[in-house]
Amino acid sequence: MTTQEQGAIPVPQVEERTPIPKQNLRVPGPTPIPSEVLAAQTNPMINHRGPEFAAIARRVTARLQYFFQTTSPVLTFPASGTGGQESAVVNLFSPGDHVVAITIGNFGNRLAKIAEAYGLNVTRIEFPWGQAADPASVEARLKELPSYKGVLLTHNETSTGVTNDLEALAALIRRLAPETLIVVDAVSSAGSIPLDMDRWDLDAVFTGSQKGWMTPPGIMMIAASPRAWEANKTARLPRFYFDWGPARKQLLEKGQHPTTPAVSVFYALDVALEMMLAEGREAIFARQQQAGDYVRGRVRAMGLQLFADHQNASNTVTAIKVPEGIDSKALLKKLREQDRIVFAGGQAHLEGKIFRIGHLGYFTEADLAQALDTLEQRLHEFGFKS
Ligand SMILES: *Cc1c(COP(=O)(O)O)cnc(C)c1O
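About the criteria used
All residue numbers refer to position in the chain's written sequence, counted from 1. Note on the predicted model: pLDDT of at least 70 is required for a residue's local features to be given, and 80 or more for side-chain atom pairs to be given and counted; whole-chain, interface and lining totals, by contrast, use all residues. No hydrogens and no water enter the side-chain calculation; it runs on all heavy atoms of the structure. UniProt positions are given in the numbering used here, feature names are shortened, and annotations may be inferred rather than shown by experiment. An automatic or database domain assignment is the source of the domain bounds shown. Any two residues having at least one pair of non-hydrogen atoms within 4.5 Å are treated as being in contact. As used here, buried area is the combined drop in accessible area, with a 1.4 Å probe, of two parts when they are placed together. Here, a salt bridge means any side-chain nitrogen of Lys or Arg that lies within 4 Å of a carboxyl oxygen of Asp or Glu. Counting of polar contacts relies on pairs of N or O atoms within 3.5 Å, with two restrictions inside protein: one atom must be capable of donating a hydrogen and the other of accepting it, and residues adjacent in sequence are counted only when both atoms are side-chain atoms. The secondary structure listing takes helices from DSSP runs of H or I that are at least 4 residues long and strands from runs of E that are at least 2 residues long, numbered from the N terminus. In this scheme, a residue with accessible area under 20% of its type's maximum is buried, one over 50% is exposed, and one in between is partly exposed, where area comes from a 1.4 Å probe on protein chains only. Within this analysis, the arc is defined by the directions that extend from the helix axis to the C-beta atoms. Nearness is defined per residue: one heavy atom within 4 Å of the molecule or strand is enough. Per-residue and other accessible areas follow the Shrake-Rupley method at a 1.4 Å probe size, with only the shown protein chains counted as cover for residues. Only Asp, Glu, Lys and Arg are considered charged, only Ala, Val, Leu, Ile, Met, Phe, Trp, Tyr, Cys and Pro nonpolar, and every remaining residue, Gly among them, polar. Under the convention used throughout, the expected extent of a helix is 1.5 Å for every residue step, that is, one less than its residue count.

As recorded in an unreviewed UniProt entry, the protein goes by Alanine--glyoxylate aminotransferase family protein and comes from Ktedonosporobacter rubrisoli. One UniProt comment on the protein, placed under Sequence similarities (unreviewed entry), says "Belongs to the class-V pyridoxal-phosphate-dependent aminotransferase family." Turning to the protein, the UniProt annotation filed under Cofactor (unreviewed entry) states: "pyridoxal 5'-phosphate".

Here is the structure:
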């Protein structure tokens, strides 16, 4: 290396780190973290191939199985939710396989795009954003199609605040195609709203630690049915990092992972799951329903319009139409900078058209009330008249 090349990249200046303000973080993931869960992450590092980690891995797996409602092991990978989408695709299919993607928004599209990127032959059944997949239309479309190896769908579409009737959709898919693989993106639903993997006969279900689990980002969780494990044996798409086989073997035999897990995030997830069990699965679902009802009620009372169809509105995220004449970017900036309340904007073509309020993971009704009270005030300052 010449002297000149060595000098090309200057030594970074010692710079003060930007402080992280306390916020009312109301985006649909990452979510705020309870102090007990945050504190767990300050535990010292351990060997991920040692006995302490194995105990945590086994405990976390059993608890995740309970929340997924499955007898299959729930595997984890150091990844975000998108890793779950990719993991499902590469473990189940072969190049050229025909799959159907039922899409109702941006995350459904992402899953379809991943399948296409891996060379699958994807037929999309699309619904307008803001609506759920209509079971009768899905059934009619599926009946017209040549046989399909899998159906990819989103349980809760975070980009539009819509929850699909997964139980009904899975039942009709299974009736029409008894052997097809039902792949479910449950990133923003698992742990928060009812999801019954085995009873609904779902083949692959995945989620991410930063959504409904009161845990920082970093762990993707995925479970596969016996049918999916059978398909995994002959699936020929290339896979390595997200390969389920070695992950299951190491987990069951040793309580380990093929690669280094996110140890500190495991500490957090372990405590978060303990808190979730203490509250109770059904109690969480009931609280989520209340939160959804509360946010929607307040939003309507302000004179705002919900983006999602009423009967399919999500209990983990609410999407709101930006009223005519309001600059939503400036509004969200004001709320973020002045009030330390952080809402999410719209994605893709919905940018500037909707904004979204997350109510999943760790929150209290007071957090929601404070966010909505302030939103109402700021909207009036911005000239909104209901
Ligand atoms: C958040 C989310 C994803 C993507 O997760 P990342 O963690 O951002 O990769 C995928 N699907 C749904 C439904 C989500 O809510």
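(A) Layout of the domain arrangement of the protein. The domain architecture assigned to the protein consists of domain 1 (24–31 + 281–381) and domain 2 (37–277). Here the C-alpha centre of domain 2 lies 26 Å away from the C-alpha centre of domain 1. Listed per partner, the contact involves 27 residues of domain 1 and 29 residues of domain 2. Across the domain 1 to domain 2 interface the summed buried area is about 2300 Å²; carbon plus sulfur atoms make up 60%. On the domain 1 side of the interface with domain 2, the three residues burying the most area are R281, F285 and Q347, jointly 26% of the side's total. At the junction of domain 1 and domain 2, the tally comes to zero salt bridges. Joining domain 1 to domain 2, the criterion identifies nine residue pairs in polar contact (both at pLDDT 80 or more). Elements with a minimum of two residues in the side of domain 1 that touches domain 2: α11 (281–301), β11 (317–321) and β13 (354–358). Of all the elements, α11 adds the most residues to the side of domain 1 that touches domain 2, at four residues.

(B) Region of interest: the UniProt feature "modified residue: N6-(pyridoxal phosphate)lysine" (unreviewed entry) in the protein. Sequence positions flagged by UniProt for "modified residue: N6-(pyridoxal phosphate)lysine" (unreviewed entry) are, in local numbering, K211. For K211, a relative accessible area of 8% gives the class buried. Beyond its immediate sequence surroundings of up to four residues, K211 is in contact with P28, G29, T31, V187, S188, L360 and G361.

(C) Inspection of helix α6 (residues 135–144) at higher detail. Within the sequence span of α6, burial applies to V138, E139 and L142. Taken around the axis of α6, the buried residues stretch over an arc of 100°, which confines them to a single face. For α6, the exposed residues lying more than 90 degrees away from the buried face are A136 and E144. Against β3 (98–103), β4 (121–126) and α7 (166–176) lie the buried residues of α6.

(D) Seen up close, the UniProt feature "binding site: substrate" (unreviewed entry) in the protein. Under the local residue numbering, the UniProt record ascribes the feature "binding site: substrate" (unreviewed entry) to R356. On the basis of relative accessibility, which here comes to 5%, the residue R356 falls in the buried class. Look past the residues within four positions of R356 in its chain and what remains in contact with it is R26, P28, T158, S159, V317, T318, A319, F343, A344, G345, G346 and Q347. In this structure the side chain of R356 is engaged in a polar contact, spanning 2.9 Å, whose partner is the backbone oxygen of T158.

(E) Focus on the site of the ligand. Around the ligand there are 14 residues in total, and S80, T82, T158, D185 and K211 lie nearest to it. One of the side-chain N or O atoms of D185 is found 2.6 Å from a nitrogen atom in the ligand. K211 is positioned with one of its side-chain polar atoms (N or O) 2.7 Å from an oxygen atom of the ligand. If the ligand stood free it would expose 380 Å²; the protein chains cover 89% of that surface. Breaking the shell around the ligand down by element, the ones donating at least two residues are α4 (81–92) and α5 (106–117). Broken down by element, the residue count for the shell around the ligand peaks at three residues, all from α4. For the shell around the ligand, a count of residues per class yields two nonpolar, nine polar and three charged.

(F) Local environment of helix α10 (residues 263–279). Compared with an ideal rise of 1.5 Å per residue, which puts 17 residues at 24 Å, α10 spans 25 Å between its outermost C-alpha atoms and is within 8% of the ideal. G280 sits one or two residues past α10 and shows a positive phi near 100°.

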